[in-house]
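Residue-level structural notes
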Amino acid sequence: MHNPFGIINKINITKPYQHYKHSGTLNLSSIFILLLLGTIGTLILSIIYSYAIHYIPLIALNVICTVFFGYFTGLIIGHSGKISKIRNNTVLIIYGIIFGLFAVYISWVVWLYELFQRQELIFNPVAILNIMQFLSIEGIWSTNSYTPTGFSIYVIWFVEAVIILCTTIYGAATFLKTNVFCEKCNAWVENKYILPNLNYTYNPTKLTNLIQQGQFSAISDLRVQEPASNLYTSVELSKCSKCNDLYLLKVNTIKLILKSNGNVKRDETIIVENMIIDSEIYNSIKTWGEERS
Ligand SMILES: [Zn+2]
């Protein structure tokens, strides 16, 4: 199906192109598997985190540990959600809240266990709160000769808990956002093809409108980028290879910004996200890409 002029257009006036959305379908076994995997994952991470903050003396490193702890807990929930075939964002957010709170609780249980030289594990939340009250009188750590006590240490503990909770929810809620599930085959769509990088567009709205109208030649009009640059357009195709009945298109503009500390920041603008196309458009875009890679 060689097309020397580029990608085919298929303008759909009567029925606009749809975008994939999670169906929201839920079943009991998925909820149970997610609960089980989430519990195991959160327990392991909470233990690692408690020991890390117990033995790392630098406050800045502790804060980084806190952010990563919450975020990784969220990713575990997301991953578990993928394994248990959850395609309902509300459920993942609720699980993010539950496991975020669970992570805070378990990290306190383990941290106190270590603080009291592994004498006993205290699971009763009321007892934990009483110990916290006791610890807040004298303070438990110092930085630059400052020892937070009383109200200030409660603020620190509260901020720590909020960081864990928010990063867990964020990790859980974003993990499956761009994944596609084929309801017909009861499976995640894994077959992906990424085109060579195309030139950057300074008019993303126009490109979005053209693609949504079915003017897919707007993609080939951008042409393959040569030489490579920090600004480009990325095009990704995906399909369900089980039923060959679900085809999707994703287009983003990417800006790679080199920061002063040497890190690269990736700025993405969505042109179209998981737009549902048909096999003819899919093959036309893929063939065009393959001929140019
Ligand atoms: Zn399928």
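A brief structural summary.

Cut-offs used in this document
- Residues numbered from 1 in each chain as written.
- Predicted model: local features only at pLDDT ≥ 70, side-chain atom pairs only at ≥ 80, totals over all residues.
- Heavy atoms only, no water.
- Axes fitted to C-alpha atoms, helices over the stretch in contact; angles between N-to-C directions.
- Helix = DSSP H or I, 4+ residues; strand = E, 2+ residues; numbered from the N terminus.
- Left-handed = near helix turned anticlockwise from the far one by under 90°.
- Nonpolar A, V, L, I, M, F, W, Y, C, P; charged D, E, K, R; others polar.
- Phe/Tyr/Trp six-rings, centres within 6.5 Å; stacked < 30°, edge-to-face > 60°.
- Buried < 20%, exposed > 50% of the residue type's maximum accessible area, 1.4 Å probe, protein only.
- Pairing = 2+ DSSP bridges.
- Donors = N, O, S within 2.8 Å, 3.2 Å for Na, K, Ca; no water.

1. Observations regarding the packing of helix 1 (residues 28-55) against helix 3 (residues 89-115)
Direction vectors running N to C along helix 1 and helix 3 enclose 40°, while the axes themselves pass 8 Å from each other. Considering how the two elements wind past one another, helix 1 and helix 3 form a crossing that is right-handed. Looking at the contact of helix 1 with helix 3 residue by residue, the class counts come to 20 nonpolar, seven polar and one charged.

2. Remarks on unusual backbone geometry
Cis geometry is adopted by the peptide bond preceding Pro-227, which originates at Glu-226 and carries an omega value of -5°. In this fold, Pro-227 is placed in the loop between helix 7 (217-222) and strand 4 (231-239). Of note in this structure, Gln-117 is not a glycine but carries a positive phi near 50°. Of note, Gln-117 is situated in the loop between helix 3 and helix 4 (125-138). The phi dihedral of Arg-118 falls on the positive side, at around 55°, and the residue is not glycine. Note that Arg-118 resides in the loop between helix 3 and helix 4.

3. Focus: the packing of aromatic side chains
Aromatic ring pairs are defined here through the distance separating the ring centres and the angle between the ring planes. If you walk through the whole model with that rule in mind, you get 14 aromatic pairs. Between Phe-68 and Phe-72, the aromatic rings sit 5.7 Å apart at their centres with planes inclined by 35°, giving tilted as the arrangement. Taken together, the residues span about one helical turn, with Phe-68 and Phe-72 both in helix 2 (residues 59-83) at a distance of four residues. Ring geometry for Tyr-200 and Tyr-202: centres 4.8 Å apart, planes at 75°, overall edge-to-face. The exposure class of Tyr-200 is buried, given its relative accessible area of 18%. Residue class for Tyr-202 comes out exposed when judged on its relative accessible area of 67%. Grouped by ring-pair contacts, the aromatic residues Phe-68, Tyr-71, Phe-72 and Tyr-170 constitute a single cluster.

4. Points about the pairing of strand 5 (residues 247-258)
A regular strand places its side chains so that they alternate between the two faces of the sheet. By the bridge criterion, nine bridges tie strand 4 to strand 5 in an arrangement that is antiparallel. Bridge pairing links Glu-236 to Lys-250 in strand 5. Summarising the sheet, strand 5 and strand 6 (residues 264-277) pair through eleven bridges and their orientation is antiparallel. Each residue of the ladder has a partner; that of Leu-258, found in strand 6, is Val-264. Where strand 5 hands over to strand 6, the hairpin turn is made up of five residues, of which Gly-262 adopts a positive phi near 95°.

5. Looking at the coordination of the zinc ion
In the first shell of the zinc ion, the protein supplies Cys-182 (SG), Cys-185 (SG), Cys-240 (SG) and Cys-243 (SG), at 2.2 to 2.3 Å from the metal. The sequence motif formed by the donor residues of the zinc ion is C-x2-C-x54-C-x2-C. Residue Cys-185 is located in the loop between strand 1 (181-182) and strand 2 (187-188), and its partner Cys-243 is located in the loop between strand 4 and strand 5; the two are separated by 58 residues in the primary sequence.

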